[in-house]
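Report on the structure
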Amino acid sequence: MVTPADEPGVSVPIAGALKKAERKTPAASASKQPVPRNRVAFVIDDMGYDLSVLREILAIGAPVTISVLPHLPHSAEVAGRAYKAGNEVLLHLPMEPHGYPERRPGEGALLLNMDGREILDRLAGDILSVPHIAGVNNHMGSRFMEDEEKVTLVLQDLKRRGLFFLDSLTTNDSKGLAVAERIGLPHAGRDIFLDNDCDFEEAVHIMHRIVDRKDSWSTMIVIGHPHESTVRAIGAAVPLLRDHAVRIVPLSDLIE
C-alpha cells in the first residue's frame with residue numbers, strides 16, 4: 001500500500017513521550033471502577049485509498065482506530081466497513097502545512113487564505129465524505145494549526161457536532177490542545193508516531209520500549225500509517241502488550 005507521505009510529526013524521543021503520557025492521565029478516583037493501569041490506543045491515518053489494508057487491520061482483532069481522509073475513492077466504504085466491524089472511525093482532516101502549495105494536503109484541505117464561511121463549508125463537506133466518525137484528527141496542518149483564530153473556528157464547530165479532536169502534533173506551535181481545553185472540547189494529543197521510518201524492526205523496537213517502561217506511563221496514543229510494515233508491527237505487538245497487561249483501547253477511551 002503506497003500513499004502520499006503524511007507530514008512528519010514533531011519528533012519526540014520515546015523517553016519524553018512516555019514521560020508526557022504519564023503526566024496526562026490522572027489517577028482513577030477511588031469511588032469509580034478501577035481503570036487498567038496501562039492503556040494504549042492505535043490510530044491508523046491516511047485511510048481511504050483502498051480496501052486491502054483495512055482488511056489486514058481488521059484481521060488483527062484489536063480495536064485499532066481508523067482515520068479516513070475525505071473525498072478518496074474508498075473513503076465512505078472504509079469508514080462503513082470499519083464501523084460495522086466495531087472499530088472507531090475518525091475524519092483525517094487535511095490542513096495547510098508549511099511549504100504549501102509545494103506540499104499539498106489533498107482534496108478538502110482547510111487553508112489559511114479561506115474566510116470563516118469557506119472553512120466551515122469545506123469542513124462540513126469533509127465530514128459528509130466520511131460517515132460514522134466519532135472524532136477528527138489533523139492531516140498535515142503544521143501551518144494551519146499554528147493559527148489560533150482558525151483553529152478555534154474549527155474546534156468550536158466540532159464541539160457543536162459532538163465530536164472530539166486528536167491533535168496529531170505536526171508542529172511544536174500547535175494551538176489545538178490549548179484551544180480545545182479553553183472551549184471545553186474533548187481532546188487528546190498524539191504521543192508517538194510509530195512509522196516515521198516505515199521500518200518493521202524499528203516499529204517493533206518502539207513497542208518493546210513502550211512495554212519495558214510501562215511503569216512510567218498510564219496511557220499512550222500511537223499513530224501509524226497504512227504501510228505493510230506498520231500493520232505487521234501492530235499485529236506483532238498485540239500478544240506482547242497482552243502478555244504485559246497493557247490493554248489496547250479505542251481512542252475515545254483516552255480522550256480528556
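In this report, we go over the structure that sits alongside the text. (Residues numbered from 1 in each chain as written. Predicted model: local features only at pLDDT ≥ 70, side-chain atom pairs only at ≥ 80, totals over all residues. Heavy atoms only, no water.)

**Re unusual backbone geometry**
Here is the rule we go by: Only DSSP runs of H or I with at least four residues qualify as helices, and only runs of E with at least two residues qualify as strands; both kinds are numbered from the N terminus onward.
In this model, Tyr-100 is joined to Pro-101 through a cis peptide bond whose omega is 10 degrees. Positionally, Pro-101 belongs in the loop between strand 3 (89-95) and helix 4 (116-129). In this structure, Leu-169 takes a positive phi of about 55 degrees despite not being glycine. Structurally, Leu-169 is set in the loop between strand 5 (164-167) and helix 6 (176-183).

**A word on the packing of aromatic side chains**
The line we're drawing: Geometry of aromatic contacts follows a simple scheme: Phe, Tyr and Trp rings, the Trp one being its six-membered ring, pair when their centres are within 6.5 Å, and the pair is stacked under 30 degrees between planes, edge-to-face over 60, tilted otherwise. For a ring to carry a charge above it, either NZ of a lysine or CZ of an arginine must fall within 6 Å of the ring centroid while also lying within 35 degrees of the normal to the ring plane.
Considering all chains together, one arrives at zero aromatic pairs under this definition. Positioned above the aromatic ring of Phe-200 is the side chain of Arg-232, whose terminal nitrogen or guanidinium carbon lies 3.8 Å from the ring centre.

**Focus on the packing of helix 5 (residues 148-160) against helix 6**
Test applied: Angles run from 0 to 180 degrees between N-to-C directions of axes, and those axes are lines fitted to C-alpha atoms, restricted for helices to the stretch in contact. Here the angle decides the label: under 35 degrees means roughly parallel, over 145 means roughly antiparallel, 65 to 115 means roughly perpendicular, and every other value means oblique. Working rule for handedness: look at the near helix, and if it is turned counterclockwise from the far one by less than a right angle, call the crossing left-handed; if clockwise, right-handed. Residue contacts are counted whenever heavy atoms from the two residues lie within 4.5 Å of one another. Under the convention adopted here, Pro, Cys and the residues Ala, Val, Leu, Ile, Met, Phe, Trp and Tyr are nonpolar, Asp, Glu, Lys and Arg are charged, and Gly plus all remaining residues are polar.
Remark: helix 5 packs on helix 6, axes separated minimally by 10 Å, with the N-to-C direction vectors making an angle of 50 degrees. Our classification of the angle between helix 5 and helix 6 gives oblique. In this structure, helix 5 meets helix 6 at a crossing whose hand is right-handed. Packed against helix 5, whose contacting residues are Glu-148, Val-151, Thr-152, Leu-155, Gln-156 and Lys-159, the element helix 6 presents Gly-176, Val-179, Ala-180, Arg-182 and Ile-183 at the interface. Of the residues belonging to the contact of helix 5 with helix 6, the class tally is five nonpolar, three polar and three charged.

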